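Summary of the model geometry
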Amino acid sequence: AIRMTQSPSSISASTGDRVTITCRASQHISNYVAWYQQKPGKAPQLLIYAAYILQSGVPSRFSGSGSGTDFTLTISSLQSEDFAIYFCQQYYTYPWTFGQGTEVEIK
Amino acid sequence: EVQLVESGGGLVQPGGSLRLSCAASGFTFSTYWMTWVRQSPGKGLEWVANIKQDGSEKNYVDSVKGRFTISRDDAKNSLYLQMNSLRAEDTALYYCARCSGSGSTFDYWGQGTLVTVSS
(Lines give C-alpha, C1' and ligand atoms only; values in the text may rest on other atoms or scores of the structure.)
Protein backbone atom coordinates (compact mmCIF):
# COMPACT_ATOMS: atom_id res chain seq x y z
CA ALA A 1 0.00 0.00 0.00
CA ILE A 2 1.11 3.55 -0.66
CA ARG A 3 2.23 5.27 2.51
CA MET A 4 1.33 8.93 2.96
CA THR A 5 3.56 10.77 5.43
CA GLN A 6 2.50 14.18 6.69
CA SER A 7 4.69 16.76 8.32
CA PRO A 8 4.66 18.26 10.77
CA SER A 9 2.45 16.15 13.06
CA SER A 10 1.33 19.32 14.76
CA ILE A 11 1.85 23.01 14.36
CA SER A 12 1.15 25.91 16.68
CA ALA A 13 0.09 29.04 14.89
CA SER A 14 -1.72 32.31 15.44
CA THR A 15 -4.66 33.81 13.64
CA GLY A 16 -3.41 35.49 10.48
CA ASP A 17 -0.39 33.22 10.09
CA ARG A 18 0.44 31.41 6.86
CA VAL A 19 0.47 27.67 7.47
CA THR A 20 1.90 24.97 5.21
CA ILE A 21 1.41 21.24 5.67
CA THR A 22 3.36 18.71 3.64
CA CYS A 23 2.36 15.25 2.51
CA ARG A 24 4.84 12.84 0.92
CA ALA A 25 3.79 9.68 -0.90
CA SER A 26 5.92 6.54 -0.82
CA GLN A 27 5.65 6.29 -4.61
CA HIS A 28 4.58 8.40 -7.55
CA ILE A 29 0.87 9.20 -7.46
CA SER A 30 0.59 11.92 -10.13
CA ASN A 31 -1.88 14.47 -8.74
CA TYR A 32 -4.32 12.00 -7.15
CA VAL A 33 -4.34 13.69 -3.75
CA ALA A 34 -7.14 15.11 -1.65
CA TRP A 35 -7.06 17.09 1.59
CA TYR A 36 -9.61 16.95 4.40
CA GLN A 37 -10.25 19.00 7.52
CA GLN A 38 -11.59 17.41 10.68
CA LYS A 39 -12.80 19.30 13.71
CA PRO A 40 -13.29 17.64 17.14
CA GLY A 41 -16.29 15.35 17.24
CA LYS A 42 -17.08 15.93 13.57
CA ALA A 43 -16.64 14.01 10.36
CA PRO A 44 -13.90 15.07 7.95
CA GLN A 45 -14.73 17.58 5.24
CA LEU A 46 -13.24 17.60 1.76
CA LEU A 47 -11.17 20.70 1.08
CA ILE A 48 -9.15 19.99 -2.05
CA TYR A 49 -8.98 17.24 -4.68
CA ALA A 50 -6.70 16.55 -7.63
CA ALA A 51 -3.96 18.18 -5.56
CA TYR A 52 -5.08 21.75 -6.16
CA ILE A 53 -8.82 21.97 -7.01
CA LEU A 54 -10.84 23.64 -4.29
CA GLN A 55 -14.04 21.84 -3.31
CA SER A 56 -17.14 23.97 -3.73
CA GLY A 57 -17.73 26.24 -0.75
CA VAL A 58 -14.19 26.04 0.61
CA PRO A 59 -12.63 29.46 1.31
CA SER A 60 -9.97 30.66 -1.11
CA ARG A 61 -7.40 31.00 1.68
CA PHE A 62 -6.93 27.23 1.28
CA SER A 63 -4.75 26.08 -1.59
CA GLY A 64 -2.98 22.92 -2.63
CA SER A 65 -0.03 22.13 -4.83
CA GLY A 66 2.31 19.36 -5.84
CA SER A 67 2.61 16.41 -8.13
CA GLY A 68 4.42 13.10 -8.14
CA THR A 69 5.31 12.39 -4.51
CA ASP A 70 5.32 15.75 -2.73
CA PHE A 71 2.24 17.79 -1.94
CA THR A 72 1.38 20.80 0.18
CA LEU A 73 -1.71 22.32 1.72
CA THR A 74 -1.42 26.02 2.47
CA ILE A 75 -3.69 28.23 4.53
CA SER A 76 -2.76 31.77 3.53
CA SER A 77 -4.16 33.55 6.59
CA LEU A 78 -5.26 31.30 9.43
CA GLN A 79 -8.72 31.98 10.82
CA SER A 80 -10.12 30.82 14.17
CA GLU A 81 -12.34 28.25 12.45
CA ASP A 82 -9.29 26.64 10.80
CA PHE A 83 -7.91 25.12 13.99
CA ALA A 84 -8.43 21.45 13.25
CA ILE A 85 -6.69 18.29 12.05
CA TYR A 86 -5.83 17.99 8.37
CA PHE A 87 -5.41 14.75 6.46
CA CYS A 88 -4.13 14.01 2.98
CA GLN A 89 -5.44 11.05 0.97
CA GLN A 90 -4.11 9.33 -2.14
CA TYR A 91 -6.47 7.79 -4.65
CA TYR A 92 -3.93 6.77 -7.27
CA THR A 93 -4.30 3.10 -6.48
CA TYR A 94 -6.14 0.79 -4.09
CA PRO A 95 -6.13 0.66 -1.18
CA TRP A 96 -6.72 4.36 -0.84
CA THR A 97 -4.69 5.61 2.07
CA PHE A 98 -4.55 8.64 4.32
CA GLY A 99 -1.76 10.50 6.00
CA GLN A 100 -1.60 10.34 9.79
CA GLY A 101 -2.90 13.88 10.18
CA THR A 102 -1.53 17.30 11.11
CA GLU A 103 -3.08 19.13 14.03
CA VAL A 104 -3.16 22.91 13.71
CA GLU A 105 -3.26 24.30 17.22
CA ILE A 106 -3.69 27.78 18.64
CA LYS A 107 -0.36 29.32 19.64
CA GLU B 1 -29.53 18.76 1.63
CA VAL B 2 -27.33 15.68 1.48
CA GLN B 3 -27.65 13.54 4.59
CA LEU B 4 -25.99 10.27 5.54
CA VAL B 5 -27.04 8.57 8.75
CA GLU B 6 -25.22 5.50 9.99
CA SER B 7 -26.60 2.93 12.41
CA GLY B 8 -25.90 -0.57 13.64
CA GLY B 9 -22.76 -0.03 15.67
CA GLY B 10 -22.29 -1.41 19.16
CA LEU B 11 -20.30 -3.68 21.43
CA VAL B 12 -19.49 -7.13 20.05
CA GLN B 13 -17.21 -9.92 21.18
CA PRO B 14 -14.19 -10.95 19.13
CA GLY B 15 -15.31 -13.32 16.39
CA GLY B 16 -18.78 -11.80 16.32
CA SER B 17 -20.69 -10.04 13.58
CA LEU B 18 -22.38 -6.70 13.02
CA ARG B 19 -24.21 -5.13 10.11
CA LEU B 20 -23.84 -1.40 9.65
CA SER B 21 -26.40 0.60 7.69
CA CYS B 22 -26.27 4.04 6.14
CA ALA B 23 -29.46 5.83 5.13
CA ALA B 24 -28.92 8.39 2.41
CA SER B 25 -31.11 11.32 1.41
CA GLY B 26 -30.94 14.59 -0.49
CA PHE B 27 -29.30 13.20 -3.62
CA THR B 28 -29.81 10.51 -6.25
CA PHE B 29 -28.21 7.65 -4.35
CA SER B 30 -28.16 5.23 -7.27
CA THR B 31 -25.82 7.45 -9.30
CA TYR B 32 -22.93 7.59 -6.83
CA TRP B 33 -20.14 5.32 -5.69
CA MET B 34 -20.34 4.94 -1.92
CA THR B 35 -17.71 4.07 0.64
CA TRP B 36 -16.96 3.20 4.26
CA VAL B 37 -14.08 4.83 6.13
CA ARG B 38 -13.15 4.08 9.72
CA GLN B 39 -11.27 5.95 12.40
CA SER B 40 -9.85 4.26 15.47
CA PRO B 41 -10.12 6.20 18.74
CA GLY B 42 -7.51 8.93 18.67
CA LYS B 43 -6.07 7.57 15.45
CA GLY B 44 -6.14 8.42 11.81
CA LEU B 45 -8.44 7.53 8.98
CA GLU B 46 -8.56 4.21 7.15
CA TRP B 47 -10.51 3.58 3.95
CA VAL B 48 -12.37 0.26 4.31
CA ALA B 49 -14.41 -0.47 1.17
CA ASN B 50 -16.31 1.07 -1.69
CA ILE B 51 -19.04 0.02 -4.10
CA LYS B 52 -19.92 1.13 -7.61
CA GLN B 53 -23.26 2.61 -8.56
CA ASP B 54 -24.76 -0.68 -9.76
CA GLY B 55 -22.94 -2.82 -7.20
CA SER B 56 -20.90 -4.48 -9.95
CA GLU B 57 -17.56 -3.44 -8.48
CA LYS B 58 -16.46 -3.59 -4.88
CA ASN B 59 -13.05 -2.92 -3.40
CA TYR B 60 -11.68 -3.58 0.08
CA VAL B 61 -8.62 -2.85 2.16
CA ASP B 62 -6.62 -6.05 2.65
CA SER B 63 -7.23 -6.21 6.41
CA VAL B 64 -10.99 -6.76 5.94
CA LYS B 65 -11.04 -8.88 2.76
CA GLY B 66 -12.96 -12.10 3.31
CA ARG B 67 -14.52 -10.77 6.52
CA PHE B 68 -16.43 -7.63 5.48
CA THR B 69 -18.95 -7.26 2.68
CA ILE B 70 -20.19 -3.96 1.32
CA SER B 71 -23.58 -3.81 -0.37
CA ARG B 72 -26.28 -1.36 -1.34
CA ASP B 73 -30.03 -1.23 -1.91
CA ASP B 74 -30.81 1.61 -4.28
CA ALA B 75 -34.55 1.18 -3.78
CA LYS B 76 -34.04 1.97 -0.11
CA ASN B 77 -31.27 4.53 -0.62
CA SER B 78 -29.15 2.50 1.75
CA LEU B 79 -25.57 1.33 2.05
CA TYR B 80 -24.50 -1.59 4.21
CA LEU B 81 -21.39 -3.14 5.69
CA GLN B 82 -21.63 -6.71 6.91
CA MET B 83 -18.77 -7.35 9.30
CA ASN B 84 -17.92 -10.92 10.31
CA SER B 85 -15.09 -12.46 12.34
CA LEU B 86 -14.57 -9.16 14.09
CA ARG B 87 -11.24 -8.45 15.79
CA ALA B 88 -10.18 -5.98 18.45
CA GLU B 89 -8.37 -3.99 15.77
CA ASP B 90 -11.70 -3.40 13.99
CA THR B 91 -12.75 -1.16 16.89
CA ALA B 92 -13.40 2.24 15.33
CA LEU B 93 -15.90 4.88 14.37
CA TYR B 94 -17.27 3.84 10.99
CA TYR B 95 -18.23 6.57 8.57
CA CYS B 96 -20.38 6.21 5.49
CA ALA B 97 -19.38 8.67 2.76
CA ARG B 98 -20.48 9.62 -0.69
CA CYS B 99 -17.83 9.46 -3.36
CA SER B 100 -17.49 12.55 -5.52
CA GLY B 101 -17.87 12.58 -9.27
CA SER B 102 -14.47 11.03 -9.78
CA GLY B 103 -15.48 8.24 -7.42
CA SER B 104 -12.29 8.56 -5.46
CA THR B 105 -12.73 11.36 -2.96
CA PHE B 106 -15.40 11.74 -0.31
CA ASP B 107 -17.53 14.85 -0.52
CA TYR B 108 -20.20 14.08 2.08
CA TRP B 109 -19.84 12.08 5.29
CA GLY B 110 -22.19 10.82 7.96
CA GLN B 111 -21.49 11.33 11.64
CA GLY B 112 -20.35 7.77 12.14
CA THR B 113 -21.37 4.74 14.16
CA LEU B 114 -19.06 3.29 16.81
CA VAL B 115 -18.04 -0.34 16.71
CA THR B 116 -16.31 -1.76 19.75
CA VAL B 117 -14.88 -5.27 19.64
CA SER B 118 -14.10 -6.49 23.12
CA SER B 119 -14.73 -9.42 25.42
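See the structure above.
These lines cover the structure that appears in this document, whether it is placed above or below. Small disclaimer: the values here were computed from a predicted structure and weren't measured.

Focus: the overall build of chain A
For chain A, the helix and strand inventory stands at zero helices and eleven strands. Written out in order from the N terminus, the α and β elements of chain A read β-β-β-β-β-β-β-β-β-β-β. Taking 107 residues into account, the globule formula puts the C-alpha radius of gyration at 13 Å, and chain A, at 13 Å, falls close to it. C-alpha extents for chain A along the principal axes are approximately 35 × 25 × 25 Å.

Notes on the state of the cysteines
Inspection of every chain in the model, using the stated rule, returns two disulfides over all chains. Each sulfur of the disulfide joining Cys23 of chain A and Cys88 of chain A lies 2.0 Å from the other. Where Cys23 of chain A bonds to Cys88 of chain A through sulfur, the torsion about that S-S bond is close to 65 degrees, and the disulfide is right-handed. With a gap of 65 residues between them, Cys23 of chain A in strand β3 (residues 19-25) and Cys88 of chain A in strand β9 (residues 85-90) connect regions that are remote in the sequence. With respect to class, Cys23 of chain A is no different from Cys88 of chain A; both count as buried. Between the sulfur of Cys22 of chain B and that of Cys96 of chain B lies a disulfide, 2.1 Å long from S to S. In this structure the cystine formed by Cys22 of chain B and Cys96 of chain B twists about its S-S bond by roughly -60 degrees; its chirality is therefore left-handed. Here the residue Cys22 of chain B occupies a position in strand β3 (residues 18-25), and Cys96 of chain B occupies one in strand β9 (residues 92-99), the gap between them amounting to 74 residues.

Details of the pattern of salt bridges
On inspection of all chains with the given rule, the structure shows nine salt bridges over all chains. Taking the shortest distance from any N to any O, the salt bridge between Arg24 of chain A and Asp70 of chain A comes out at 2.6 Å. Linking Arg24 of chain A in strand β3 with Asp70 of chain A in strand β8 (residues 70-75), this pair joins segments that are 46 residues apart in sequence. Note that Arg61 of chain A is salt-bridged to Asp82 of chain A, the shortest N-O span being 2.8 Å. Of this pair, Arg61 of chain A sits in the loop between β6 (53-54) and β7 (62-67) while Asp82 of chain A is found in the loop between β8 and β9, placing the two residues 21 residues apart along the sequence. For Arg61 of chain A, a relative accessible area of 17% gives the class buried. Salt bridges sharing common partners tie together Arg38, Glu46, Arg67 and Asp90 of chain B.

Considering unusual backbone geometry
Between Ser7 of chain A and Pro8 of chain A the backbone carries a cis peptide bond, its omega angle lying at -5 degrees. Mapped onto the secondary structure, Pro8 of chain A falls in the loop between β1 (4-7) and β2 (10-13). Cis geometry marks the peptide bond from Tyr94 of chain A to Pro95 of chain A, where omega comes out at -5 degrees. With respect to the helices and strands, Pro95 of chain A occurs in the loop between β9 and β10 (97-98). Not every positive phi belongs to a glycine, and Ser85 of chain B is a case in point at roughly 50 degrees.

Digging into the interface of chain B and chain A
With 19 residues of chain B in contact, the opposing surface of chain A contributes 17 residues. Summing both partners gives a buried area of about 1500 Å² for chain B against chain A, and 66% of it is carried by carbon and sulfur. Contact with chain A buries area across many residues of chain B, yet Leu45, Trp47 and Thr105 of chain B alone supply 35% of it, more than any other trio. Where chain B packs against chain A, one counts zero salt bridges. Counting every contact that joins chain B to chain A gives seven residue pairs in polar contact (both at pLDDT 80 or more). Contributing elements (two or more residues each) for the side of chain B that touches chain A: β4 (34-39), β5 (45-51) and β10 (106-109) of chain B. Ranked by residues supplied to the side of chain B that touches chain A, first place goes to β5 of chain B with four residues. A class-by-class count of the residues in the side of chain B that touches chain A yields eight nonpolar, nine polar and two charged.

Reading guide: rules and limits
Residues numbered from 1 in each chain as written. Chains lettered and ligands numbered in written order. Predicted model: local features only at pLDDT ≥ 70, side-chain atom pairs only at ≥ 80, totals over all residues. Heavy atoms only, no water. Helix = DSSP H or I, 4+ residues; strand = E, 2+ residues; numbered from the N terminus. Rg over C-alpha atoms; globule rule 2.2 N^0.38 Å. Disulfide = S-S within 2.5 Å. Buried < 20%, exposed > 50% of the residue type's maximum accessible area, 1.4 Å probe, protein only. Salt bridge = Lys/Arg side-chain N within 4 Å of Asp/Glu carboxyl O. Contact = heavy atoms within 4.5 Å. Buried area = accessible area lost by both parts, 1.4 Å probe. Polar contact = N/O pair within 3.5 Å; in protein donor to acceptor, adjacent residues only side chain to side chain. Nonpolar A, V, L, I, M, F, W, Y, C, P; charged D, E, K, R; others polar.

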